[in-house]
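# Structural overview for review
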Amino acid sequence: MLEIRNLHASVNDTPILRGINLTIQPGEVHAVMGPNGSGKSTLAFVLAGRPGYEVTSGSALYQGQDLLEMMPEDRARAGLFLSFQHPVEVPGVRLDQFLRAGFNAVSKSRGLEELDPLKFDRLLRRRVKTVNVDPQMTRRSVNEGFSGGEKKRNEVLQMAVLEPALAILDEPDSGLDVDALRSVAQSINDLRTPENALLLVTHYQRILNYVVPDRVHVLVNGRIVKSGGKDLALDIEANGYDGYEEAANPTLAQPASP
Amino acid sequence: MTIANQELNTIAAQEYRYGFITDIEADVAPRGLNEDIVRWISAKKNEPEFMLEWRLKAFRHWEKLQAEQQTPTWANVHYPPINYQDIIYYSAPKAKEKLESLDEVDPELLRTYEKLGIPLEEQKRLAGVAVDAIFDSVSIATTFREELAKHGIVFCSFSEALQKHPDLIQKHLGSVVPYSDNFYAALNAAVFSDGSFCYIPKGVRCPLELTTYFRINTAETGQFERTLIIAEEGSYVSYLEGCSAPMRDENQLHAAVVELIAHKDAEIKYSTIQNWYPGDQDGKGGIYNFVTKRGKCAGSNSKISWTQVETGSAITWKYPSVILQGDNSIGEFYSVALTKAKQQADTGTKMVHIGKNTRSKIIAKGIAAAEGSNTYRGLVRIGSRADNARNFTQCDSLLIGDRCGAHTTPYVEVLNNTAHLEHEAFTSRVDEDMLFYCNQRGLSMEDAQSLIINGFCKEVFQKLPFEFAVEATRLLELNLEGTVG
């Protein structure tokens, strides 16, 4: 589904990603973990095509297409979804209208039926139930005045509506208390199918107790320094990132050789 | 600069779509302004004596203001001094005879209207909209006259009203906006050439949306129209004006005056879609839209509501106001003002509370793109006898790109301590984050922008009659086109 080869990317001419290799198959859950500033969010934004994130070398194939050549909206229409770490407020635009506009744009590009407000409302109500959010939320302006938890749930609701093939979740757990975390994780699990895949970007291991990854990758200083099974996350929980940082920056651990 | 930002900055590239010139012979006044020109205009229109007297008083007052250099300078707009002697104050398409029906209207004119998207012929059939179209200075044709006449409603050009209903005009003219009100109001009073007149008798609910369409055609012409609407006790009328002008390199002056009078229990809803030529990318040409609009809630329980969508003009200087004289009267102002390229807008409202339990509501939305400058200026005045007056003001700004400006200048004067005032304001930016968020949900750059803008303007668009809400939405989209990467 996604094949990233030696991906390098810069923001404001500062290299952030320094050679990422990652392959995700349908049905899989991959977790990318790393300390602050390691490039986790940059990876998510580069894959989603955010302006200002410049790919300097490498490639990313998504369902056989050159992902990096596609416009952000075309990536979305092709089934790539990004759950934002910091969801953006769109004042005055009602969430249900926003979602319908997105849903119809995606449907149209796939030759599927665009839904009128009534039909869409029926679909939205089912999704609202699945994700277990307050139905009133869909009548409010997108993320405007939402609490941190509501914003995160709203991202999951959008994912439920757009039914992406590949969902990149950028810290869906940050700022959530234990109960909210469990509920959000449950919703994410409910949306899993054998055909879709998840790329979960997180600083902490705790969400992985609920959304169990097939593979865990440790991202340090723009490189994946170690990959493994779900136990790798537990190791990080216990021992922190220090050991991995030293491995990534050998010059910090020992004097530079002449 | 990133890609999205470049896209945002090309918004102003949208060209003006109504910039054609109609080739019709015009009956034109000599250039410049003096007492003789005022007399010439009045004579041309065969006006009653009181009208000429009023014009001359206005002209003398204007001359005095001109001599004292009392042009308003407080607004946040910048332009070179206007040479008032270099303007043509009257231009009428030459008509051979008086027009009785649409069939007699110059086909060239009708084609112009069709290009503007207001096919009069069509509208005759499409019930619901009556049109009084002002071309340069003279009203061309008024539809639905008979239908309206059945209800005793008078809807005609100002010139015609002067001939047929001089008493009504003499009684009300200048009662809301006196000629001495301000520099441009004085100028308008001296030289106004036509406009619309509307009279709704007691207890009548006007069954149609009344529409006037203004268009400036002749080069270097000023358009000075004057609208007077009188709603008698218990009546209701909804009125809409639309405006456009051809593309010309010179700046053209538009100094209109609108007076509304709502008697006891009457309601007037006045909507404007203004799309005058805004000038080119570099700020060359365009209309100076210096307009005085004011309504008086004369009777108790009366209501006046202004809704405006301002997308055109090089400079907009406009403050549709309500004088809340009658007890329990209501004044409302809903506004969307868009400035792009080098457009400047200084617009807002005045709510003057005089009667008891009077209420006013102000919702002003300013959108600034490219190098546009947008200022909200509003006054809420609660008089000493206006017990329990209430005002709610919300003025929001939306910035597109990083070279535009938005300013908010609210004035509040309260002379009665039972008053209750609320003020809200926020500024938001259509930034890369917001656009990218929408893109990530599958929306194109254009759809994203249109969604954001419409969301921002929603409260105002909801106040427009349905078909005009659609037009307003389309107009904003047209004006902000050019962002596809």
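Residues numbered from 1 in each chain as written. Chains lettered and ligands numbered in written order. Predicted model: local features only at pLDDT ≥ 70, side-chain atom pairs only at ≥ 80, totals over all residues. Heavy atoms only, no water.

## A few points about the overall build of chain B
Note the cut-off: Numbering of helices and strands runs from the N terminus, with a helix taken as a DSSP run of H or I at least four residues long and a strand as a DSSP run of E at least two residues long. Each residue gets one of three labels from its accessible area relative to the maximum for its type: buried under 20%, exposed over 50%, partly exposed in between, using a 1.4 Å probe on protein chains only. Only heavy atoms enter the contact rule, under which two residues are in contact if any of them lie within 4.5 Å. Surface accessibility in these figures is a Shrake-Rupley result with a 1.4 Å probe; residues are shielded only by whichever protein chains are displayed.
Secondary structure assignment for chain B yields 12 helices and 23 strands. The proportion of buried residues among the 485 residues of chain B is 63%. For chain B, the share of sequence-separated contacts (at least 6 apart) that also reach a separation of at least 24 residues comes to 84%. As displayed, chain B has an accessible area near 18100 Å², and 48% of this comes from carbon and sulfur atoms.

## Some points on the overall build of chain A
Quick reminder of the rule: Under this rule, positive means Lys or Arg and negative means Asp or Glu; His and the chain ends count for nothing. Here the site of a charge means NZ on Lys, CZ on Arg, CG on Asp, or CD on Glu.
The helix and strand tally for chain A stands at nine helices and 12 strands. C-alpha atoms of chain A, sized along the principal axes, occupy 70 × 40 × 35 Å. Counting the 258 residues in chain A, one finds 53% classified as buried. Restricting to contacts in chain A with at least 6 residues of sequence separation, those with at least 24 account for 68%. Across chain A, the mean location of the 28 positive side-chain charges is 5 Å away from that of the 33 negative side-chain charges.

## Structural notes on the interface of chain B and chain A
Going by this rule: Accessible area that two parts lose when put together, evaluated with a 1.4 Å probe and summed over both, is termed the buried area. Whenever a carboxyl oxygen of Asp or Glu lies within 4 Å of a side-chain nitrogen of Lys or Arg, that contact is scored as a salt bridge. Here a polar contact means two N or O atoms within 3.5 Å. Within protein one must be a hydrogen donor candidate and the other an acceptor candidate, and residues neighboring in sequence count only if both atoms are side-chain atoms. Three classes are used, and their members are as follows: Ala, Val, Leu, Ile, Met, Phe, Trp, Tyr, Cys and Pro are nonpolar, Asp, Glu, Lys and Arg are charged, and the others, Gly among them, are polar.
Every contact between the two is made by 22 residues of chain B and, on the other side, 32 residues of chain A. By the criterion of area lost to chain A, the three top residues of chain B are Phe436, Tyr437 and Arg441 of chain B, representing 35% of everything that side buries. The tally of links between chain B and chain A comes to two salt bridges. In this structure, the salt-bridge partner of Arg50 of chain A is Asp433 of chain B, at a minimum N-O distance of 2.5 Å. Our count for the chain B to chain A interface comes out at 11 residue pairs in polar contact (both at pLDDT 80 or more). Where the side of chain B that touches chain A is concerned, the elements lending two or more residues are strand E23 (420-430), helix H10 (432-439) and helix H11 (445-461) of chain B. Its residues assigned to classes, the side of chain B that touches chain A shows 11 nonpolar, seven polar and four charged.

## Considering the pairing of strand E19 (residues 359-369) of chain B
Every regular strand shows the same layout, with side chains that alternate between the two sheet faces. Residues and elements named next belong to chain B. This is how it is decided: DSSP-based pairing: two strands are paired if at least 2 bridges between them are found.
Among the 11 residues of E19, nine are classified as buried, and the element is accordingly described as predominantly covered. As paired elements, strand E17 (residues 330-339) and E19 share 10 bridges and run parallel to each other. In the sheet register, Glu332 faces E19, and the bridge partner there is Lys361. The pairing of E19 with strand E21 (residues 390-400) spans 11 bridges and is parallel. Within E21, the residue paired with Ile363 across the bridge is Gln394.

## Topic: the nonpolar core
Inclusion rule: Buried Ala, Val, Leu, Ile, Met, Phe, Trp, Tyr and Cys residues that are joined via side-chain atoms within 4.5 Å together make up what is termed a nonpolar core. Note that the domain bounds reflect an automated or database-derived domain assignment.
Among the nonpolar cores identified, the biggest contains 116 residues, and Ile4, Leu47, Phe98 and Leu157 of chain A together with Ile367 of chain B are the most heavily contacted of them. A total of nine residues in this core trace back to one element, the largest contributor, which is H11 of chain B. Residue contributions to this core reach at least three from each of two domains, namely domain 1 (107-433) and domain 2 (434-485) of chain B. Core analysis: the second largest hydrophobic core is formed by 55 residues, Leu52, Tyr90, Ile169 and Leu173 of chain B among them.

## Quick word on the pairing of strand E7 (residues 90-94) of chain A
All names here are of chain A. Of all the five residues making up E7, four are buried; the element is thus mostly covered by neighbouring parts of the structure. Bridge count between E7 and strand E8 (residues 141-142): two bridges; the pairing is antiparallel. Across the sheet, the residue bridging to Arg94 is Ser141, located in E8.

## Some details on helix H2 (residues 35-44) of chain B
All names here are of chain B. What counts, and what does not: Arc definition: directions from the helix axis to the C-beta atoms.
Three or more residues of H2 are buried, namely Ile37, Val38, Ile41 and Ser42. One face of H2 carries all of its buried residues, which in axial projection span an arc of 135°. Exposed residues on H2 whose side chains face more than 90 degrees from its buried face are Asp36 and Ala43. Contact partners of the buried residues in H2: helix H3 (49-67) and helix H9 (183-191). The opening residue of H2, the one whose side-chain oxygen lies 2.9 Å from the backbone nitrogen of Asp36, is Asn34. Phi turns positive, to about 55°, at Asn46, one or two residues after H2.

## So, the sheet that holds strand E9 (residues 166-170) of chain A
Residues and elements named next belong to chain A. What counts is decided by this rule: Helix axes are fitted to C-alpha atoms over the stretch in contact, other axes to C-alpha atoms as well, and angles between N-to-C directions run from 0 to 180 degrees.
Pairing is mixed across the open sheet formed by six strands, whose spatial order is E6-E9-E10-E3-E11-E12. A single partner strand is all that each edge strand has here, and the edge strands are strand E6 (80-83) and strand E12 (223-228). With direction set aside, neighbouring strand axes in the sheet form an average angle of 20°. Relative to E12, strand E11 (residues 215-220) is paired through five bridges, and the arrangement is antiparallel.

## With respect to the confidence of the model for chain A
Residues and elements named next belong to chain A. Rule in force here: Values of pLDDT, ranging from 0 to 100, describe the predictor's confidence in every residue of the model.
The predicted model of chain A averages 90 in pLDDT, with 95% of residues at 70 or higher. For chain A, helix H9 (residues 250-253) is the element with the lowest average pLDDT, namely 48, and E6 is the one with the highest, namely 97. For the stretch residues 252-258, pLDDT sits under 50, and the model shows one contact to residues farther than four places along the chain or on other chains.

## Overview of the pattern of salt bridges
One pass over the full model with this rule turns up 28 salt bridges over all chains. The shortest N-O distance in the salt bridge between Asp96 of chain A and Arg94 of chain A comes to 2.7 Å. A relative accessible area of 10% places Asp96 of chain A in the buried class. In this structure, Arg294 of chain B and Asp181 of chain B form a salt bridge, with 2.8 Å as the shortest nitrogen-oxygen distance. With a gap of 113 residues between them, Arg294 of chain B in strand E13 (residues 286-297) and Asp181 of chain B in the loop between helix H8 (166-172) and H9 connect regions that are remote in the sequence. Residues joined in a network through salt bridges with shared partners are Glu35, Arg39 and Arg60 of chain B.

## So, the packing of helix H3 (residues 95-109) of chain A against helix H5 (residues 148-162) of chain A
Residues and elements named next belong to chain A. Counted only if it meets this: Should the near helix be turned anticlockwise from the far one by less than a right angle, the crossing is left-handed, and should it be turned clockwise, the crossing is right-handed.
Packing of H3 against H5 leaves a shortest axis separation of 10 Å and a crossing angle of 35°. In this structure, H3 meets H5 at a crossing whose hand is right-handed. For the pair H3 and H5, contact is made by Leu95, Phe98, Leu99, Gly102, Phe103 and Val106 and by Asn154, Leu157, Gln158, Val161 and Leu162, respectively.

## Focus: the side chain of Asp96 of chain A
Residues and elements named next belong to chain A. When you line up the elements, Asp96 lands in helix H3. Side chain to side chain, Asp96 and Arg94 meet in a polar contact 2.7 Å long. Apart from residues no more than four positions distant in its own chain, Asp96 is found in contact with Phe120, Leu124 and Thr138.

## Describing the domain arrangement of chain B
Where interface size is quoted, it is often the accessible area lost as the parts come together. Residue and element names in this part refer to chain B. Taken domain by domain, chain B holds domain 1 (107-433) and domain 2 (434-485). Every contact between the two is made by 33 residues of domain 1 and, on the other side, 22 residues of domain 2. Buried area between domain 1 and domain 2, summed over both chains or domains, comes out near 2400 Å², and the portion from carbon and sulfur atoms is 74%. The largest share of the area that domain 1 buries against domain 2 comes from Ile273, Lys365 and Val430, three residues that together contribute 18% of it. Where domain 1 packs against domain 2, one counts one salt bridge. Ionic pairing is found between Lys365 and Glu459, a salt bridge with its closest N-O pair at 2.9 Å. Put simply, domain 1 and domain 2 have nine residue pairs in polar contact (both at pLDDT 80 or more) between them. Residue composition of the side of domain 1 that touches domain 2, grouped by class: 13 nonpolar, 11 polar and nine charged.

## Quick look at the packing of aromatic side chains
Our working rule: Between 30 and 60 degrees the pair is tilted, below 30 it is stacked and above 60 it is edge-to-face, where a pair is any two Phe, Tyr or Trp rings, Trp via its six-membered ring, whose centres lie within 6.5 Å. Whether a charge sits over a ring comes down to the Lys NZ or Arg CZ being within 6 Å of the ring centre and within 35 degrees of the ring normal.
Counted under the stated rule, the structure contains 24 aromatic pairs over all chains. Between the aromatic rings of Phe45 of chain A and Phe84 of chain A, the centroid separation amounts to 6.1 Å while the plane-to-plane angle is 65°, which identifies the pairing as edge-to-face. You can see Phe45 of chain A sitting in helix H1 (residues 40-48) and its partner Phe84 of chain A sitting in the loop between E6 and E7, a full 39 residues away along the chain. Exposure class is identical for Phe45 of chain A and Phe84 of chain A. Each is buried. Both rings, one in Phe183 of chain B and one in Tyr184 of chain B, keep their centres 5.2 Å apart while their planes meet at 85°; by these two values the pair is edge-to-face. Since its relative accessible area comes to 1%, Phe183 of chain B is described here as buried. Over the face of the ring belonging to Phe192 of chain B we find Arg226 of chain B, whose NZ or CZ atom lies 5.8 Å from the ring centre. The ring of Phe456 of chain B carries Lys365 of chain B above its face, with NZ or CZ at 5.0 Å from the centroid.

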